[in-house]
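This is what each chain is made of:
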Amino acid sequence: EAGVAQSPRYKIIEKRQSVAFWCNPISGHATLYWYQQILGQGPKLLIQFQNNGVVDDSQLPKDRFSAERLKGVDSTLKIQPAKLEDSAVYLCASSLHTGSYEQYFGPGTRLTVT
Amino acid sequence: AQTVTQSQPEMSVQEAETVTLSCTYDTSESNYYLFWYKQPPSRQMILVIRQEAYKQQNATENRFSVNFQKAAKSFSLKISDSQLGDTAMYFCAFMKRSWNGGTSYGKLTFGQGTILTVHP
């Protein structure tokens, strides 16, 4: 069974530029999560989807971050414009459904904003 | 809001020995779930062990076991017979059930992590 796929694995941009990350969850998983993991900290949930609907985006900085999962499968997270403090690893995870205990994580995208 | 605290930024242990990682949490919820996740240097996080708060019996998964003290809000992870492959960052995490309309969902809150190094 293929795991959660993410691309790119690394990205370096200048502040005020825009960037997009892509995630493909495990086949059949209805729930998809995006986390931000700043160096030395635990992951923080940014947004959670159930199929193509948003379940929780209370910690998403909506003035610069956006995410979509239009067809209920893969998802894109965008930052526009990026700030220095957005430097982090962005993790995508998926689970069978919102009631699932176990989340399966992808390898992450390491973003450096200079 | 829930908080999860891991007071040990780094730990080390010799191969084949036992190590315990600490975690405390703060919540007013009565029903919740606690987890330990492992993040090896390759950065793909995997679930190690899970504990339901309503269960008094401590969870065990092979060499991994927990000491769940609900009244003290403490949830430690014991790794027995440590192996080199156990070297990783370990995160304690808390999940409570929330509702959005008619949808129940779980939301994970992670601690800061403990870097565990197993020495040969």
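Located above this text is the structure these notes cover.
On a predicted model such as this, the values are computed, not experimentally measured, just so you know.

Asks: Is there a simple way to think about the overall build of chain A in this case?
Replies: In terms of regular secondary structure, chain A is built from zero helices and eleven strands. For chain A, the α and β elements follow one another from N to C terminus as β-β-β-β-β-β-β-β-β-β-β. Against the globule reference of 13 Å for 114 residues, chain A gives a C-alpha radius of gyration of 13 Å, in line with a compact fold. Here chain A holds 114 residues, and the buried ones make up 48% of them. Counting 12 positive and 10 negative side-chain charges, chain A places the centres of these two groups 6 Å from one another.

Asks: Please clarify how the pattern of salt bridges should be interpreted in this entry.
Replies: Pairing is possible between side chains of opposite charge, provided their charged atoms come close. Applying the stated criterion to the full structure yields seven salt bridges over all chains. Salt-bridge contacts for A:Asp57 lead to A:Lys62; the nearest nitrogen and oxygen are separated by 3.7 Å. Residue classification places A:Asp57 among the partly exposed residues on the basis of a relative accessible area of 26%. Close ionic contact of B:Glu52 with B:Arg50 constitutes a salt bridge, the shortest N to O distance being 3.1 Å. The network of salt bridges with shared partners includes B:Arg50, B:Glu52 and B:Lys55.

Asks: When you look at the sheet that holds strand 3 (residues 19-24) of chain A in this model, what are you seeing that I'm missing?
Replies: For sheets, the rule is that strands pair by backbone hydrogen bonds, running either parallel or antiparallel. All names here are of chain A. The strand order 1-3-8-7 describes an open sheet built from four strands, whose pairing is antiparallel. The open sheet terminates on both sides in strands that have one partner only, identified here as strand 1 (5-7) and strand 7 (65-68). Each adjacent strand pair in this sheet contributes to an overall mean axis angle of 15 degrees, direction not counted. The pairing of strand 7 with strand 8 (residues 75-79) spans four bridges and is classified as antiparallel. Across the sheet, residue Phe-65 finds its bridge partner in strand 8, namely Ile-79.

Asks: Help me understand the environment of A:Ala30, please; the structure alone is not making it clear to me.
Replies: All names here are of chain A. Considering the arrangement of structural elements, one finds Ala-30 in the loop between strand 3 and strand 4 (31-37). In this structure the C-alpha to C-alpha distance between Ala-30 and Asn-52, which are 22 residues apart in sequence, comes to 8.6 Å. Leave out the neighbours within four places in its chain, and Ala-30 touches Phe-49, Gln-50, Asn-51, Arg-69, Ser-95, Leu-96 and His-97.

Asks: Explain the state of the cysteines here, please?
Replies: Disulfide: a covalent bond connecting the sulfur atoms of a pair of cysteines. One pass over the full model with this rule turns up two disulfides over all chains. Here A:Cys23 pairs with A:Cys92 through a disulfide, and the sulfurs are 1.9 Å apart. Disulfide A:Cys23-A:Cys92: torsion about the S-S bond near -70 degrees, hence left-handed. Of this pair, A:Cys23 sits in strand 3 while A:Cys92 is found in strand 9 (residues 88-95), placing the two residues 69 residues apart along the sequence. A:Cys92 carries the same exposure label as A:Cys23, and that label is buried. Bridging B:Cys23 to B:Cys92, the disulfide has an S-S length of 2.0 Å. Across the S-S bond of B:Cys23 and B:Cys92 the torsion is about -70 degrees, and the bridge reads as left-handed. Taken together, the positions of B:Cys23 in the loop between strand 3 (19-21) and strand 4 (24-26) and B:Cys92 in strand 10 (residues 88-100) put the pair 69 residues apart, joining distant regions of the chain. Here B:Cys23 matches B:Cys92 in class, with each residue buried.

Asks: For this particular structure, what's the right way to read the nonpolar core?
Replies: Side chains that are nonpolar tend, in soluble globular proteins, to be buried together. Residue and element names in this part refer to chain B. Among the nonpolar cores identified, the biggest contains 25 residues, and Tyr-25, Trp-36, Phe-75, Leu-77 and Tyr-90 are the most heavily contacted of them. Looking at which element gives the most residues to this core, the answer is strand 10, with four residues. The contact partners of Leu-77, leaving out residues within four places of it in the chain, are Val-19, Thr-20, Leu-21, Trp-36, Ile-49, Phe-64, Ser-65, Val-66 and Tyr-90.

Asks: Even after reading the chapter, I still don't get the side chain of B:Lys38, so can you show me in this structure?
Replies: Residue and element names in this part refer to chain B. Along the chain, Lys-38 falls in strand 5 (residues 33-39). With no salt bridge to any partner, buried Lys-38 finds its closest opposite charge in Asp-86, at an N-O distance of 4.2 Å. At 2.8 Å, the side chain of Lys-38 forms a polar contact with the backbone oxygen of Gly-85. Aside from chain neighbours lying at most four places away, what touches Lys-38 is Gln-44, Met-45, Ile-46, Val-48, Gly-85, Asp-86, Ala-88, Met-89 and Tyr-90.

Asks: I keep staring at the packing of aromatic side chains and nothing clicks. Help me out?
Replies: Geometry of an aromatic ring pair is reported as the spacing of the ring centres plus the angle between the planes. Residues and elements named next belong to chain A. In this structure the tally under the stated criterion is 16 aromatic pairs over all chains. Considering the side-chain rings of Tyr-35 and Phe-105, the 5.5 Å spacing of their centres and the 40 degrees angle between planes classify their relative orientation as tilted. Taken as a pair, Tyr-35 in strand 4 and Phe-105 in strand 10 (residues 104-105) lie far apart in primary sequence, 70 residues in all. Each member of the pair, Tyr-35 together with Phe-105, is buried.

Reading the values: the criteria
For every chain, the first residue of its written sequence is number 1, and the numbers climb from 1 along that sequence. The naming scheme follows written order: chains are lettered A onward, ligands numbered 1 onward. For a predicted model such as this one, the threshold for reporting local features is a pLDDT of at least 70, and the threshold for listing and counting side-chain atom pairs is 80 or more; totals across whole chains, interfaces and linings nevertheless cover every residue. Only hydrogens and water are set aside when side-chain values are computed; all heavy atoms of the structure are taken into account. In this text, helices come from DSSP runs of H or I with a minimum length of four residues, and strands from runs of E with a minimum of two, each type numbered from the N-terminal end. Note on method: radius of gyration uses C-alpha positions; expected globular size equals 2.2 Å times residues raised to 0.38. Exposure is judged per residue with a 1.4 Å probe applied to protein chains only, and the accessible area is read against the type maximum: over 50% gives exposed, under 20% gives buried, and values in between give partly exposed. Only four residue types enter the charge count: Lys and Arg as positive, Asp and Glu as negative, with His and the chain ends excluded. Where a charge lies is defined by one atom per residue type, namely NZ (Lys), CZ (Arg), CG (Asp) and CD (Glu). The working definition used for a salt bridge is a side-chain nitrogen of Lys or Arg within 4 Å of a carboxyl oxygen of Asp or Glu. We call two strands paired when DSSP finds no fewer than two bridges between them. Between N-to-C directions, angles cover 0 to 180 degrees, with each direction set by a line fitted to C-alpha atoms, over the stretch in contact for helices. Here, two residues are considered to be in contact whenever any of their heavy atoms come within 4.5 Å of each other. Cysteine sulfurs are considered disulfide-paired once they come within 2.5 Å of each other. Put simply, buried Ala, Val, Leu, Ile, Met, Phe, Trp, Tyr and Cys residues joined by side-chain atoms within 4.5 Å make one nonpolar core. In the analysis that follows, any N or O atom pair within 3.5 Å is treated as a polar contact, provided that within protein one partner can donate a hydrogen and the other can accept it, and provided that, for residues neighboring in sequence, both atoms belong to side chains. Aromatic pairs are defined between Phe, Tyr and Trp rings, using the six-membered ring for Trp, whenever the two ring centres lie within 6.5 Å; interplanar angles under 30 degrees are classed as stacked, those over 60 as edge-to-face, and all others as tilted.

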